[in-house]
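# Inside the fold
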Amino acid sequence: HKNLSLLSPDQIELAKMLVAMEQSHLFTNWPEPGVDDGEKKAFFDQVTRLNSSYPGGLASYIKTARGLLSDSKTGKNPFDGFTPSVPTGENLSYGDETFMKFEEAGVKEAQNAAFVLVAGGLGERLGYNGIKVALPRETTTGACFLQHYIENVLALQEASNAGQSERDIPFAIMTSDDTHARTMQLLESNKYFGMKPAQIKLLKQEKVACLEDNDARLALDPQNKFRIQTKPHGHGDVHALLYSSGVLEEWQRGGVRWVLFFQDTNGLLFKAIPASLGVSATKGYHVNSLAVPRKAKEAIGGITKLTHTDGRSMVINVEYNQLDPLLRATGNPDGDVNCETGYSPFPGNINQLIMELGPYFEELKKTGGAIKEFVNPKYKDASKTAFKSSTRLECMMQDYPKTLPPSARVGFTVMDAWVAYAPVKNNPEDAAKVPKGNPYHSATSGEMAVYRANSLILRRAGVQVEDPVQQEFNGQEVEVWPRVVWKPKWGLTFADVKKKVAGSSSISQKSTLALKGRNIFIENLSLDGALVVESGDGAEVKVGGSVKNKGWAIEKVDYKDTSVPEEIRIRGFRFQKTEQLEKQYTEPGKFELKA
Ligand code: UGB
């Protein structure tokens, strides 16, 4: 009470709320007025932020926390009454007729799309010191994930508008205190990778208050008794942020129909985006999740049909740590196991969600974007009365459909993992411990997956690509295919790739092929070495003949060798660029490179 004179009327209301919510421990030991007054004001500034950034405010956060902590203590099963079964969705096979039909429909729809990248996570499992979107997607060209994503959105925009309209596809990035400044800097120092600055919106998520006990008493920061300790709330924040920032409303006014969400390090995703957007548009899905065949116990959620005893049912992601216990508790004593296909029968959620904006916005008007949360306290002992360290509520973006009525059209699209999913999540040590046959999800596998996918796509387009060799890097055995990379505007869709290769071409395993331009046509090329072709948008280059040189050999690097930059050593290899044929065509016109 003595300190009340320091506060604004709004802050006094917040102080009353905290007392009413049994949080007076936060300020019972405060010194007399005149001592640490600045810190006291800063405390209430923080409370104001925590209150306004959470749908329903802090009181609602504390109330929800009490309920969830009590459920956790009594061991209440969040799936009580639900039985899991395998849902049916749209299965696509890359490059076949159906796939190409959906791809074409998706490219057309893209002019009504907006993209949202969730990039607020620190990537603790990877342990990389920088932000994950700044990591090279592959080290042949060195283009980072963010550059790759932006160039894909721009390529889609151009293909979709096809000279008719001038619509820019909006691109939002969710950041956090951990990633915001570095994301901004990466964009600014690279001229937004060719995107108009106004096209990009950064939305910063706030952390949430930590909880110190089962009564949801807020935890003070151990370093500063005038601050509440905070931790990340999870990627589910993206919905509330899009809503509260007014971005969704702006998009709706601008005619956006589809909102596509995606994660920070999946170098293959954009090969699957046009077709899955085509599925959304053709099937009229309000929510469409992209999925891949999943190995049992792989650290990605399983798309599951949950049917309640009261008849309700929903198709939803069940997180990887919950699927196995849920199956065991519902008459499947072996839990999460592979079936005769060698995969879990539950498709793996890769957290690429496509929402139809109209119904999505209507739903958010009701919920404010609040997503069903969970809590995961680490208890000191079996009595579950005390925590080892403070906990907090968390939420996941894929839980959005949990509040939808049964009439909502929620579907999913399964694609082959080789063309849709290769995240960089695990550090080399943990990746090397992944059970044999399960994907590593490391920097090594993420890069090799790009070469594999591009090689396989070229094969399907008629190029003879030599088989890969097996090699071990950082304790992980991977297939090493020819290092084939191209700019998104060269081969946005399979139809585009097919248009750009003709005749009979071949690429040997030791080769590198980098295509950095729109109109580069490969015709009767025999490549055994390294070939890098760059062209301006007005140039049309026909590439053929026989290219044979020493090329770029792969040299092993140990991840513990700190003399090598971190983004390289976490891959376990680098290129020895001994000899290459490198050509640039900057002027407009027709050119022929006949080696
Ligand atoms: N992220 C944020 O933007 N903010 C946060 O507070 C936290 C994360 P992780 P996770 O596809 O492989 C998800 O840590 O959460 C961003 C799905 O839940 O990489 O363990 C972060 O920057 C799971 O079902 O993944 O698992 C990153 O871009 C499965 O689909 C993204 O959120 C799995 O991803 C994901 O964060 C997967």
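Residues numbered from 1 in each chain as written. Predicted model: local features only at pLDDT ≥ 70, side-chain atom pairs only at ≥ 80, totals over all residues. Heavy atoms only, no water.

Looking at an unreviewed UniProt entry, the protein carries the name UTP-monosaccharide-1-phosphate uridylyltransferase, with the source organism given as Linum tenue. Under the UniProt heading Sequence similarities (unreviewed entry), the note attached to the protein is "Belongs to the USP family." Annotation of the protein in UniProt includes, under Catalytic activity (unreviewed entry), the sentence "a monosaccharide 1-phosphate + UTP + H(+) = a UDP-monosaccharide + diphosphate". (UniProt positions renumbered as here; feature names shortened; annotations may be inferred.)

### Focus: the site of the ligand
Neighbouring the ligand are 24 residues; V118, Q205, E319, N349 and Y421 lie closest to it. At a separation of 2.9 Å, an oxygen atom of the ligand approaches a polar backbone atom of G121. One of the backbone nitrogen or oxygen atoms of G301 is found 3.3 Å away from an oxygen atom of the ligand. Protein chains bury 89% of the 710 Å² of accessible surface belonging to the ligand in isolation. Here the element with the most residues in the shell around the ligand is strand β14 (residues 344-356); it accounts for 3 residues. Within the shell around the ligand, the residues separate by chemical class into 9 nonpolar, 11 polar and 4 charged. (Near = heavy atom within 4 Å. Polar contact = N/O pair within 3.5 Å; in protein donor to acceptor, adjacent residues only side chain to side chain. Areas by Shrake-Rupley, 256 points an atom, 1.4 Å probe, with all protein chains shown as cover. Helix = DSSP H or I, 4+ residues; strand = E, 2+ residues; numbered from the N terminus. Nonpolar A, V, L, I, M, F, W, Y, C, P; charged D, E, K, R; others polar.)

### Describing the pairing of strand β4 (residues 171-175)
The buried fraction of β4 amounts to 5 of the 5 residues, a majority that puts the element mostly inside the structure. Where burial is concerned, the two faces of β4 agree: the one with F171, I173 and T175 and the one with A172 and M174 are both buried. Direction of pairing for β4 relative to strand β5 (residues 200-204): parallel, over a ladder of 5 bridges. Within the sheet, the bridge partner assigned to F171 lies in β5 and is I200. A crossover links β4 with its parallel partner β5, the connecting element being helix α6 (residues 180-189), and its sense is right-handed. (Buried < 20%, exposed > 50% of the residue type's maximum accessible area, 1.4 Å probe, protein only. Pairing = 2+ DSSP bridges. Right-handed = clockwise from strand over helix to strand, strands pointing away.)

### Looking at helix α7 (residues 237-244)
The buried fraction of α7 amounts to 6 of the 8 residues, a majority that puts the element mostly inside the structure. Regarding α7, the residues found buried are D237, V238, H239, A240, L241 and L242. Once α7 finishes, G246 follows within two positions and takes phi at roughly 85°, a positive value.

### Concerning the pattern of salt bridges
Applying the stated criterion to the full structure yields 35 salt bridges. Here E158 makes a salt bridge to R518, at a shortest N to O gap of 2.9 Å. Of the two residues, E158 is situated in helix α5 (residues 145-161) and R518 in the loop between β24 (512-516) and β25 (520-528); the sequence distance between them amounts to 360 residues. Residue classification places E158 among the partly exposed positions, given a relative accessible area of 46%. By relative accessible area, which is 16% here, R518 ends up buried. (Salt bridge = Lys/Arg side-chain N within 4 Å of Asp/Glu carboxyl O.)

### Observations concerning the packing of aromatic side chains
Taken as a whole and judged by the stated rule, the model has 27 aromatic pairs. Ring geometry for Y149 and F262: centres 4.8 Å apart, planes at 85°, overall edge-to-face. Here Y149, found in helix α5, pairs with F262, found in strand β10 (residues 258-262); they are 113 residues apart in sequence, far enough to count as distant. Accessibility classification places Y149 together with F262 in one group, the buried group. (Phe/Tyr/Trp six-rings, centres within 6.5 Å; stacked < 30°, edge-to-face > 60°.)

### Remarks on the nonpolar core
Residues F115, L146, F171 and L458 are the most contacted members of the largest nonpolar core, which totals 106 residues. In terms of residues, this core owes the most to one element, helix α14 (residues 443-460), which gives 9 residues. Beyond its immediate sequence surroundings of up to four residues, L146 is in contact with L117, V133, F171, I173, L186, L187 and F193. Core analysis: the second largest hydrophobic core is formed by 31 residues, Y61, L69, L218 and Y379 among them. (Core = buried A, V, L, I, M, F, W, Y, C linked by side-chain atoms within 4.5 Å. Contact = heavy atoms within 4.5 Å.)

### Points about the environment of V337
By the element assignment, V337 lies in the loop between α10 (320-329) and β14. By relative accessible area, V337 is classed as partly exposed at 39%. Once residues within four sequence positions are removed from consideration, V337 is found in contact with A296, S344 and P345.

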